Amino acid sequence: MSRFEIRSIGSATLYRGDALEVLTTLAPGSIGDVLTDPPYSSGGNVRDKAQATSAKYQSSEHRGLYPEFQGDTRDQRSYLAWSTLWMGRARDLVAPGGMIAAFSDWRQVPVTSDALQCAGWVWRGIVTWDKTERSRPQLGRYRNQTEFAVWGTNGPRPLVGATAPGVIREPVPKVKHHIAGKPVELMDGLMTIMKGPVLDPFMGSGTVGVACAARGIPYVGIEVDPTYFEIACRRIEETQCGPP
Ligand SMILES: C[S@@+](CC[C@H](N)C(=O)[O-])C[C@H]1O[C@@H](n2cnc3c(N)ncnc32)[C@H](O)[C@@H]1O
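None of these values were measured; they are calculated from a predicted model.

Caption draft 1: Examining the side chain of Thr-207 more closely. Checked against the element boundaries, Thr-207 lands in helix H6 (residues 207–215). With a relative accessible area of 7%, Thr-207 lands in the buried category. At 3.1 Å, the side chain of Thr-207 forms a polar contact with the side chain of Arg-235. Residues contacting Thr-207, with those up to four places away along its chain left out, are Lys-182, Pro-183, Val-184, Met-187 and Arg-235.

Caption draft 2: Representation of the UniProt feature "domain: DNA methylase N-4/N-6" (unreviewed entry) in the protein within the structure. Look at the UniProt record and you will see "domain: DNA methylase N-4/N-6" (unreviewed entry) annotated at residues 34–153 and 176–232. Here residues 176–232 runs as 40% helix and 14% strand, with 12 Å between its end C-alpha atoms.

Caption draft 3: Focus on the pattern of salt bridges. This model, assessed by the stated rule, comprises 12 salt bridges. Glu-5 is the salt-bridge partner of Arg-16, the closest N and O atoms lying 3.0 Å from each other. With Arg-16 in strand S2 (residues 12–16) and Glu-5 in strand S1 (residues 5–9), this residue pair connects regions lying 11 residues apart in the sequence. For Arg-16, a relative accessible area of 26% translates into the label partly exposed. Residues Asp-130 and Arg-169 are paired through a salt bridge, measuring 2.9 Å at the closest nitrogen-oxygen approach. On the criterion of sequence distance, the pair formed by Asp-130 in strand S5 (residues 122–130) and Arg-169 in strand S7 (residues 167–169) is long-range, its members being 39 residues apart. By relative accessible area, Asp-130 is classed as buried at 14%. Members of the salt-bridge network, linked through shared partners, are Glu-5, Arg-7, Arg-16 and Glu-230.

Scoring rules and cut-offs
Residues numbered from 1 in each chain as written. Predicted model: local features only at pLDDT ≥ 70, side-chain atom pairs only at ≥ 80, totals over all residues. Heavy atoms only, no water. Helix = DSSP H or I, 4+ residues; strand = E, 2+ residues; numbered from the N terminus. Buried < 20%, exposed > 50% of the residue type's maximum accessible area, 1.4 Å probe, protein only. Polar contact = N/O pair within 3.5 Å; in protein donor to acceptor, adjacent residues only side chain to side chain. Contact = heavy atoms within 4.5 Å. UniProt positions renumbered as here; feature names shortened; annotations may be inferred. Salt bridge = Lys/Arg side-chain N within 4 Å of Asp/Glu carboxyl O.

Have a look at this one:
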């Protein structure tokens, strides 16, 4: 008996469960591209990674607004091993020439590009997310204004078709649905050269799924946390059908 739940919403298939487990059940060749935002385990503002995700990634006035999220306590060696595992299982599902784009903050970029290559993807570059001057200031330091999507391909990819942006400038949304919620416009910009189905093993509040629904691209999302799973289902359904 499977230990996860599956929900179909139009062209989206959503799994509530552990990505490592769910990925082994999907059909090889069934996925076009991977676009995802894993739990970076970077530690954010603190030294102790075991602290709550709200303490690590939010200023004190925003704490308590969102549920905590899971899987964010690994040290760098185990993050490399775990990322290699999920990226390898994801690559098994992707057709030749398909793409992967996985988010990282500056601390985890080196380990993310290592994992991507250990998993057999060809590392092709890094797209910069410029969070604009609305991002957190740091007195006496450079503003922490960027995060990154480390990207690669499953083997060769022909040089044909449109060119997607290498820098996407978009502020963190004022209304978020997740502690680490990203803008839909950011995900939409990244998927302009993806045909799908798009796999997102760490969907959180389903931002990639919302962008897919708006574009009519099939989506496969996985989330281990039941609260965020429900939020993702609701957002994707509302994008496909309109609010209730
Ligand atoms: C950085 S968040 C994604 C946020 C998303 N981009 C958004 O805009 O809402 C990563 C998500 O992965 C989930 N997660 C962590 N470990 C997981 C696992 N092993 N399998 C599936 N989901 C997992 C966390 O609960 C968290 O919601």
